[in-house]
Amino acid sequence: MSLPLIRLAIGRTNGTAPYGVLVIGAQPLTVCDTYSPDLQPTGENTAYTLCQSCTRAWLILTTPPHPGGEPKFRPAAGAGKSAAAHDHLNG
């Protein structure tokens, strides 16, 4: 069972929100290795700037497979024409 990625941040009105998951009975687990005991899920319409490392990871994780098969390297979806490509990790 995979856990859904959610935005986590400290406070309620603004700041930097990493992507992560809430593991039941444990501390929040963030994509970018940010740690704080105060991280909480943020609402969809709250004013947060997403963490740059988590934004990159989100784009990579949500990029659909290439229709002609997986190339060795591919840019993340929505990253623009000049984006650096990332090595695809199988699985």
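Residues numbered from 1 in each chain as written. Predicted model: local features only at pLDDT ≥ 70, side-chain atom pairs only at ≥ 80, totals over all residues. Heavy atoms only, no water.

Trainee: Mind laying out the overall build of the chain, listing which residues take part and the relevant values?
Mentor: Scanning the chain from terminus to terminus reveals one helix and eight strands. Helices (α) and strands (β) of the chain occur, in sequence order from the N terminus, as β-β-β-β-β-β-α-β-β. By residue count, 22% of the 91 residues in the chain fall in the buried class. Within the chain, contacts between residues at least 6 apart in sequence are counted, and of these 42% link residues at least 24 apart. Carbon and sulfur atoms provide 57% of the accessible area of the chain, an area that totals close to 6700 Å². (Helix = DSSP H or I, 4+ residues; strand = E, 2+ residues; numbered from the N terminus. Buried < 20%, exposed > 50% of the residue type's maximum accessible area, 1.4 Å probe, protein only. Contact = heavy atoms within 4.5 Å. Areas by Shrake-Rupley, 256 points an atom, 1.4 Å probe, with all protein chains shown as cover.)

Trainee: Outline the sheet that holds strand 3 (residues 19-21), listing residues and values.
Mentor: Across a sheet, strands are paired by hydrogen bonds formed along the backbone, either parallel or antiparallel in direction. Read from one edge to the other, the open sheet built from four strands follows the order 4-3-1-5, with strand pairing classed as antiparallel. On the outer flanks of this sheet lie strand 4 (29-30) and strand 5 (40-41), each paired with one strand and no other. Two strands pair when backbone bridges link them, and strand 1 (residues 6-9) and strand 5 are joined in this way by two bridges, in the antiparallel orientation. Pairing of Ala9 across the sheet is with Gln40, part of strand 5. (Pairing = 2+ DSSP bridges.)

Trainee: Explain the environment of Leu50 residue by residue, including any values.
Mentor: Within the fold, Leu50 resides in strand 6 (residues 49-50). Under the relative-accessibility criterion, Leu50 is labelled partly exposed at 28%. Residues Leu50 and Ala17, 33 residues apart in the sequence, show an inter-C-alpha distance of 4.7 Å. Beyond its immediate stretch of four places on either side in the chain, Leu50 contacts Arg7, Thr16, Ala17, Tyr19 and Thr55.

Trainee: Just give me the short version of unusual backbone geometry, but keep the residues and values in it.
Mentor: Despite not being glycine, Asp33 has its phi angle at roughly 65°, a positive value. Along the polypeptide, Asp33 turns up in the loop between strand 4 and strand 5. Judged by relative accessible area, which is 71%, Asp33 ranks as exposed.

Trainee: Describe a nonpolar patch on the surface, naming the residues involved and giving the relevant values.
Mentor: Together, Leu3, Val23 and Leu29 make up a nonpolar patch on the protein surface, roughly 250 Å² of accessible area in all. Tracing the chain through its elements places Val23 in the loop between strand 3 and strand 4. On the basis of relative accessibility, which here comes to 32%, the residue Val23 falls in the partly exposed class. (Patch = residues over 30% accessible without salt bridge, like charges linked within 9 Å, V, L, I, M, F, W, Y side chains within 5 Å. Salt bridge = Lys/Arg side-chain N within 4 Å of Asp/Glu carboxyl O.)

Trainee: Describe the confidence of the model for the chain, and please don't skip the residues or the numbers.
Mentor: Confidence in the prediction for the chain averages 75 pLDDT; 69% of positions are at 70 or higher. The secondary structure element of the chain with the lowest average pLDDT is strand 8 (residues 86-87), at 54, and the one with the highest is strand 1, at 89. (pLDDT = per-residue confidence, 0-100.)

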